[in-house]
Amino acid sequence: VTANRAAALSSPRHPVHFPDTERAEWLNKTVKHMWPFICQFIEKLFRETIEPAVRGANTHLSTFSFTKVDVGQQPLRINGVKVYTENVDKRQIILDLQISFVGNCEIDLEIKRYFCRAGVKSIQIHGTMRVILEPLIGDMPLVGALSIFFLRKPLLEINWTGLTNLLDIPGLNGLSDTIISDMISNYLVLPNRITVPLVSEVQIAQLRFPVPKGVLRIHFIEAQDLQGKDTYLKGLVKGKSDPYGIIRVGNQIFQSKVIKENLSPKWNEVYEALVYEHPGQELEIELFDEDPDKDDFLGSLMIDLIEVEKERLLDEWFTLDEVPKGKLHLRLEWLTLMPNASNLDKVLTDIRADKDQANDGLSSALLILYLDSARNLPSGKKISSNPNPVVQMSVGHTAQESKIRYKTNEPVWEENFTFFIHNPKRQDLEVEVRDEQHQCSLGNLKVPLSQLLTSEDMTLNQRFQLSNSGPNSTIKMKIALWVLHLEKRERPPDHQHSAQVKRPSVSKEGRKTSVKSHMSGSPGPGGSNTAPSTPVIGGSDKPGVEEKAQPPEAGPQGLHDLGRSSSSLLASPGHISAKEPTPSIASDISLPIATQELRQRLRQLENGTTLGQSPLGQIQLTIRHSSQRNKLIVVVHACRNLIAFSEDGSDPYVRMYLLPDKRRSGRRKTHVSKKTLNPVFDQSFDFSVSLPEVQRRTLDVAVKNSGGFLSKDKGLLGKVLVALASEELAKGWTQWYDLTEDGTRPQVMT
């Protein structure tokens, strides 16, 4: 099906018609004439840019080289062009090109160290490529710079030769062809972009420091009347479904938790996504029924973000597409970026930010960081050699990392990073420059975000002196804070609105049926660029989210079909692992309902009784660092005097993170101990981390109640944060720790 669709897309005899899109055969003729010169540029790109980057990415790839680069004679085809005339800046031109490339290419590569040869014999790529011409200037060539990127992950198919040989190489043996394709596809998608200055005088600082158009806060609330996909007795008896959702904005992907055996599930999860380009960009949602083998499709939805920006706030029921029945309840908030702090106090009050939740919860601001360069870095462990510097940046529990620059003490990065900020009055930006080769620190820096609140335009653009570094070691950064403000629109009492929904053109049979099958463990980028995607485990209510279910007849009426567009969710969400929900900011990590439940239970326990010093119980841990193994060892022994979630007690287990790392690969979990308030685990876990590094980290330990498939008794039993800045860490210790509601009182060895 995919091959047939690709052939149809690439064939001039079967043009694809897009709404508001014009055919541009003159452009295809131009591309065909220029194709030999475009191929020369591509070969130069492979040899001078990609090849050195691959060599430097891993010591095992130091002998990597391209032996042949031939993209083929078949040129890229442009099936349609759309020019935006509304909702665009007067100093820019926005074009969307529907492109298809089906090339019988010949790209051969070799890794001499392992006598490995592999290659690519054909590539297909289909998608929407956005071209932005900005700023428009009053002198020739009239355009200052060109920016190119994909709005959504394009359909990419690569036909490899010798791939098994390539994947046998150390450092690559955890990859697959699907994961490699996903990594390449995601690199092409916003916020990643190619910027080409066309005149030397043009000020491209703004292009290097892109500010999102806004932030979309997605309250993924509930669904109703979904299809029952599970069957029993060989299909004779219809059952229910185990629904979960995949939410996507650009290359930011979120996965909700799974609700077992429920056709009207309530997720009550909240996600926040950056929106850089809203003309033509959509919120895409697909629902699936989780199954042991292949997850069944339950419906999809695409919402134009221009509508959300206009309305500012949408709280509606949406009818699902491609299925006979089903509705989805969403609350969508468009947050405007404000360059001053005049509304900050109100925003902090609205999101209920307080001193006990400095790092967690809904965001009140966005921090944008442009990492430029560093100067006069020390040599690291070996005085005679230059370091391989990499920069690690963190705010609260969110950490991001720059690319590695090799063999230099004057590195230039020119990279952008974004952080969602809960409370800028109480949070800090921590920056550390490290030598990747010798795993040692080259200097660090802490910038209180409150300093930005008093700076002009809430921006600092300067060279910062590094601490614990050389006497003249500096790092140049531009950092800016933007307050996220939800503007309330004045509407007449009789105002009614239904957001316009785009209908996907690909039928259910034509899609890649199993999302889960492609979500196998590709390594996430970490941090928020993503994702933010900066991923968190879905769990519950958020302040301001309605708990009350709306009746089915309250669904939206008169939804408008804006045309057809195939959902990019059909391609695999490369940075989500199977059956692992994206951490919602409405989870135990960000202290929403789970903490509220504990406080409610504490109040219930207090009625007529006096609670001791450890009302939630205690957990016994052994913590030590092994210098020989270069690992932090944590033994979870037991818990005592836990609170009961039901008449049968609790079903506790222990979850751990080594903060600020909250990636799924960094999570450790014990087994579940059934129906007990005094579980014994005696399980050992380790984290790969050096002793100097671990002494700057915090161990996040949560005791949680598992509950059964149909049980509502799932939630947080208590937390503890253990600061690891102890000189006794090499020797280790065993200790009982008091569990608290939110773990905000860090505990150290006693």
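Above this text is the structure in question.
Conventions and cut-offs
Residues numbered from 1 in each chain as written. Predicted model: local features only at pLDDT ≥ 70, side-chain atom pairs only at ≥ 80, totals over all residues. Heavy atoms only, no water. Helix = DSSP H or I, 4+ residues; strand = E, 2+ residues; numbered from the N terminus. Buried < 20%, exposed > 50% of the residue type's maximum accessible area, 1.4 Å probe, protein only. Contact = heavy atoms within 4.5 Å. Pairing = 2+ DSSP bridges. Patch = residues over 30% accessible without salt bridge, like charges linked within 9 Å, V, L, I, M, F, W, Y side chains within 5 Å. Areas by Shrake-Rupley, 256 points an atom, 1.4 Å probe, with all protein chains shown as cover. Salt bridge = Lys/Arg side-chain N within 4 Å of Asp/Glu carboxyl O. Axes fitted to C-alpha atoms, helices over the stretch in contact; angles between N-to-C directions. Core = buried A, V, L, I, M, F, W, Y, C linked by side-chain atoms within 4.5 Å.

## A short note on the environment of Leu 328
Tracing the sequence through the fold places Leu 328 in strand E18 (residues 327–338). On the basis of relative accessible area, Leu 328 is assigned to the buried category, the value being 0%. Sequence-wise, Leu 328 and Leu 226 are 102 residues apart; in three dimensions their C-alpha atoms are separated by 9.1 Å. Discounting chain neighbours no more than four positions away, the residues touching Leu 328 are Phe 220, Glu 222, Ala 223, Trp 267, Ile 285, Leu 287, Leu 301, Glu 316, Trp 317, Phe 318 and Leu 320.

## Comments concerning the sheet that holds strand E32 (residues 668–669)
Strand order in the open sheet made by the 4 strands is E32-E31-E34-E35, with antiparallel pairing throughout. Whereas interior strands pair on both sides, the edge strands pair on one side only; in this sheet they are E32 and strand E35 (715–723). Sheet analysis places strand E31 (residues 652–659) next to E32, joined by 2 bridges and oriented antiparallel. Counted as the bridge partner of Met 656 is Arg 668 from E32.

## Looking at a nonpolar patch on the surface
Side chains of Ile 194, Val 196 and Leu 198 sit close together on the surface and give an oily, nonpolar patch of about 250 Å² of accessible area. Take Leu 198: it is sitting in the loop between strand E8 (194–197) and helix H5 (205–208).

## Side note on the sheet that holds strand E36 (residues 733–738)
Here we have 4 strands laid out as an open sheet, ordered E33-E30-E29-E36, and antiparallel in their pairing. Single-partner strands in this sheet number two, and they are strand E33 (680–688) and E36. Pairwise comparison of adjacent strand axes, ignoring direction, gives a mean angle of 25 degrees for this sheet. The pairing of strand E29 (residues 618–626) with E36 spans 6 bridges and is antiparallel. What sits directly across from Gln 618, in E36, is Asp 738.

## A closer look at the side chain of Asn 28
Within the element layout of this structure, Asn 28 appears in helix H2 (residues 25–57). Overall, Asn 28 belongs to the buried group, its relative accessible area being 8%.

## Brief notes about the environment of Lys 153
Among the structural elements, Lys 153 can be located in the loop between strand E6 (145–150) and strand E7 (155–161). Between the alpha carbons of Lys 153 and Ile 184 there is a distance of 9.4 Å; along the sequence they are 31 residues apart.

## A short note on the nonpolar core
Membership of the largest hydrophobic core comes to 40 residues, with the highest contact counts inside it found for Phe 66, Ile 78, Leu 97, Ile 111 and Leu 166. Secondary structure elements with two or more residues in this core: H2, strand E1 (64–70), strand E2 (77–83), strand E3 (93–103), strand E4 (106–111), strand E5 (116–133), E7 and helix H3 (163–167). Considering every element that reaches this core, the biggest residue donor is E5, with 7 residues. Apart from residues lying up to four places away in sequence, Ile 111 is in contact with His 60, Leu 61, Thr 63, Phe 64, Cys 116, Leu 166 and Ile 169.

## A closer look at the pattern of salt bridges
Within this structure, the stated rule accounts for 25 salt bridges. Between Lys 68 and Glu 106 there is a salt bridge; the shortest N-O distance is 3.2 Å. One end of the pair, Lys 68, is in strand E1; the other, Glu 106, is in strand E4, and 38 residues separate them in sequence. Take Glu 106: its relative accessible area is 35%, and that puts it in the partly exposed class. In this structure, Arg 331 engages Glu 333 in a salt bridge whose closest nitrogen and oxygen atoms are separated by 2.9 Å. With respect to class, Arg 331 is no different from Glu 333; both count as buried.

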